[in-house]
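Tertiary structure, described
Residue strings, one per chain:
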Amino acid sequence: MEKQPRLFSSEFFHKNRQVELVLSRGVLAWRELDKGGKRGSDIKSAPETAHGHSVQVCEIVAVHKTEGDGKDQGSNRSRKKANKHVLLLPYAFTAFFVRRTQQHQWRCSEITFHCASHSLREQWIQALSEQLSSLTNRPKSLLVYINPYGGKRRGKRIYEQKVAPLFRHAGISADVIVTEYANHARDHLKTEANLDKYDGVVCVGGDGMFSEVLHGLVARTQSDHGVDQNQPDAQLVPCSLHIGIIPAGSTDCICFATIGTNDPVTSALHIIVGDSQPMDVCSVHHSDIFLRYSVSLLGYGFYGDVLTDSERKRWLGPARYDLSGVKTFLSHNYYEGSVSFLPAEDTIGNPRDKLRCRSGCHVCQHKPSSKDSEWDMSEEKEKFNEGGSGGWSVIRGKFIAINAACMSCACPRSPKGLSPSAHLADGTADLILVRKCSRLGFFRHLLRHTNKGDQFDHAFVEVHRVRGFRFQPRHQEPVSLEDLSEAPKKTRFGTMCSAQTTCGYGAAHSSWNCDGEILPHAAIQVSVQSRLIRLFARGIEEPQRFTFEDPSSPWALEPGTQQPAA
Ligand SMILES: CCCCCCCCCCCCC/C=C/[C@@H](O)[C@H](CO)NC(=O)CCCCCCCCCCCCCCC
Ligand SMILES: Nc1ncnc2c1ncn2[C@@H]1O[C@H](COP(=O)(O)OP(=O)(O)OP(=O)(O)O)[C@@H](O)[C@H]1O
Ligand SMILES: [Ca+2]
């Protein structure tokens, strides 16, 4: 940790109690003093240090001047007592800061410090404000898109009631566009928006709304740099603007998997403090034509069919996925085809290790060795096209589901996600192949997404960490006479050629679910674009606390502290 000089130490009052306030090493800390000016018991509101409470300056939302009768004074009795104090201590300032509550949720807390000296208050406000303005990663100006129809149609209200007040508080200006039609945000970003004005783009909605912003921003960045997205091998240019997500959709898996909760206030606070989380993006092509980008689920078979069916039930809101999920499960369809993939190097971990991607993840920070960095998708592809394997593996079979996930896809339906050990920014995706199996087997596999069981521990499931993959449905492959004689697959709940499938020579195909959008082609080629975008997030945090020995504890200070003149 970078050493910061101890700046100030002063005595203030908080709720009629004398406190020592210290600003040091990027930490604001306070502890109660007893009547004789000695250290006393703790004040509850910020994380406890060994002997008091503290907040990192980078997690302070704002510092405001407060009237001497600041509204932090609690009950009527204490207010009366405090009013007496106001006469003696007319100067006060309030610090608003991030407080962690349960399950990765953040809230904005405040604490007011009173004193008798105008200049002491001014010096503290100035010192804190200077430290806050030196945090250059914080956004000052945002472009916000609200989908008024996402999830339970609460996007507009959520933004106005929970997010806008926090942005105002933190001095962030926001230009807000409430979308009027699908792809409004995408097209506005692609061609119209003056992006030079902004430090970030925020979407209020679900994964579909995020996808619009992703497509708009990536397309704009490539066209500004003269890169053609249609070239599957093009070296895409990472986007300079960060993306913030205020969850107001049905799955909200990108928000959940990057922050740990779907809570608008928590997301707003991550945006305000200017968190930065790089993310991998899959680019999807068909015959060298660009189709879409994906950051969460790219799923053929089960999840493609769930999505196709659920689109007809949009009016049901988030419950549409459960209904279509049960229906698709009962249909128990499987699809034939071949999957070719380029495995990632072993150094990057594997989908069945227990190395979960968390804030400050070591796997994601792993710098490629010279051997790793020699990896080049286009070179590998050429070798593949020339008939050699070029490091590619090919698997043919009958699949209930083919899923690729650039990240865990954790969401409230499945808190550990489709691939619990996938990483947000390691340049790989996890490719999960679920072969034809019994209904009971598939049910157990699904159920394990919701409990502690290992969803990959089935004979019919395999999972690979990959740099890229291709899928070719069987009916588009050359068909043998033997194949032609095969009848359409029947199940107890209907033929394979149900509403969402197309028949051909005894085979059927599904659709790809690409982050909640249906792709128009079944044959696709996919490559992982490492760290193409950055979110206002920091990955899921592990619980953390200051300890007595912690050298970053503000109370472990060297002498020589500057005392501001009162
Ligand atoms: C027995 C309980 C099993 C529960 C299994 C839950 C697994 C859930 C895994 C969720 C993975 C989400 C990945 C994210 C995808 C998003 O880019 C996309 C757009 O928002 N959302 C969906 O496609 C939305 C996909 C929603 C899929 C819901 C599937 C529900 C399956 C229910 C099967 C029930 C069988 C019951 C038999 C009687
Ligand atoms: N004004 C609008 N009218 C109609 N559709 C819109 C509008 N704005 C955005 N959309 C589209 O609505 C779709 C769904 O939006 P969104 O992702 O916000 O909610 P959801 O589908 O309920 O949630 P999730 O994607 O998390 O499952 C997106 O594909 C988006 O393109
Ligand atoms: Ca990844």
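Note that this is a predicted model, so its numbers are computed, not measured.

**A look at the site of ligand 2**
Taken together, 23 residues surround ligand 2, and among them Thr-179, Gly-206, Gly-208, Glu-212 and Ser-250 come closest. In the model, a nitrogen atom of ligand 2 is placed 3.3 Å from a nitrogen or oxygen of the Tyr-181 main chain. Side-chain polar atom of Tyr-321 to an oxygen atom of ligand 2: 3.2 Å apart, as the coordinates give it. Looking at the shell around ligand 2, the elements that each hand over two or more residues are α5 (207-224) and α9 (319-331). Of the residues forming the shell around ligand 2, the biggest block, four residues, is contributed by α5. Partitioning the shell around ligand 2 into residue classes produces six nonpolar, 10 polar and seven charged. The two domains that each donate at least three residues to the shell around ligand 2 are domain 2 (140-275) and domain 3 (282-361 + 390-480 + 500-529).

**Digging into the nonpolar core**
In terms of nonpolar packing, the biggest core is built from 68 residues, with Tyr-145, Phe-210, Ile-254, Ile-533 and Leu-535 touching the most fellow members. When residues of this core are assigned to domains, at least three map to each of domain 2 (140-275) and domain 3 (282-361 + 390-480 + 500-529). Ignoring anything within four residues of it in the chain, the contact list for Ile-254 reads Asp-207, Phe-210, Ile-245, Met-279, Val-295, Ser-296, Met-407 and Leu-535.

**As for the state of the cysteines**
In this structure the tally under the stated criterion is zero disulfides. Cysteine Cys-239 remains unbridged, with the sulfur of Cys-203 as its closest cysteine sulfur at 13 Å.

**Here we look at the site of ligand 1**
Not every one of the 18 residues close to ligand 1 is listed here, only the nearest: Asp-207, Thr-251, Ser-296, Asn-513 and Asp-515. Thr-251 is positioned with one of its side-chain polar atoms (N or O) 3.1 Å from an oxygen atom of ligand 1. Computed on the free molecule, ligand 1 has an accessible area of 860 Å², of which 86% lies beneath the protein chains in the complex. Taken together, the residues of the shell around ligand 1 sort by class into nine nonpolar, six polar and three charged.

**Quick word on helix α7 (residues 264-272)**
A large share of α7 lies buried, amounting to nine of its nine residues. For α7, every residue scored as buried is listed here: Pro-264, Val-265, Thr-266, Ser-267, Ala-268, Leu-269, His-270, Ile-271 and Ile-272. In the stretch just after α7, Gly-274 is the one whose phi turns positive, near 70°.

**Side note on the domain arrangement of the chain**
How big an interface is tends to be reported as the loss of accessible area on association of its parts. Examined at the domain level, the chain breaks down into domain 1 (6-133), domain 2 (140-275) and domain 3 (282-361 + 390-480 + 500-529). In this complex, domain 1 contributes 13 residues to the contact, which on the side of domain 2 involves 14 residues. Of the roughly 1,100 Å² buried where domain 1 meets domain 2, counting both sides, 67% is carbon and sulfur surface. Considering only the surface of domain 1 that becomes buried against domain 2, Val-61, His-104 and Trp-106 emerge as the three largest contributors, covering 48% of it. Counting every contact that joins domain 1 to domain 2 gives one salt bridge.

Criteria and thresholds
Residues numbered from 1 in each chain as written. Chains lettered and ligands numbered in written order. Predicted model: local features only at pLDDT ≥ 70, side-chain atom pairs only at ≥ 80, totals over all residues. Heavy atoms only, no water. Near = heavy atom within 4 Å. Polar contact = N/O pair within 3.5 Å; in protein donor to acceptor, adjacent residues only side chain to side chain. Helix = DSSP H or I, 4+ residues; strand = E, 2+ residues; numbered from the N terminus. Nonpolar A, V, L, I, M, F, W, Y, C, P; charged D, E, K, R; others polar. Domains from an automatic or database assignment. Core = buried A, V, L, I, M, F, W, Y, C linked by side-chain atoms within 4.5 Å. Buried < 20%, exposed > 50% of the residue type's maximum accessible area, 1.4 Å probe, protein only. Contact = heavy atoms within 4.5 Å. Disulfide = S-S within 2.5 Å. Areas by Shrake-Rupley, 256 points an atom, 1.4 Å probe, with all protein chains shown as cover. Buried area = accessible area lost by both parts, 1.4 Å probe. Salt bridge = Lys/Arg side-chain N within 4 Å of Asp/Glu carboxyl O.

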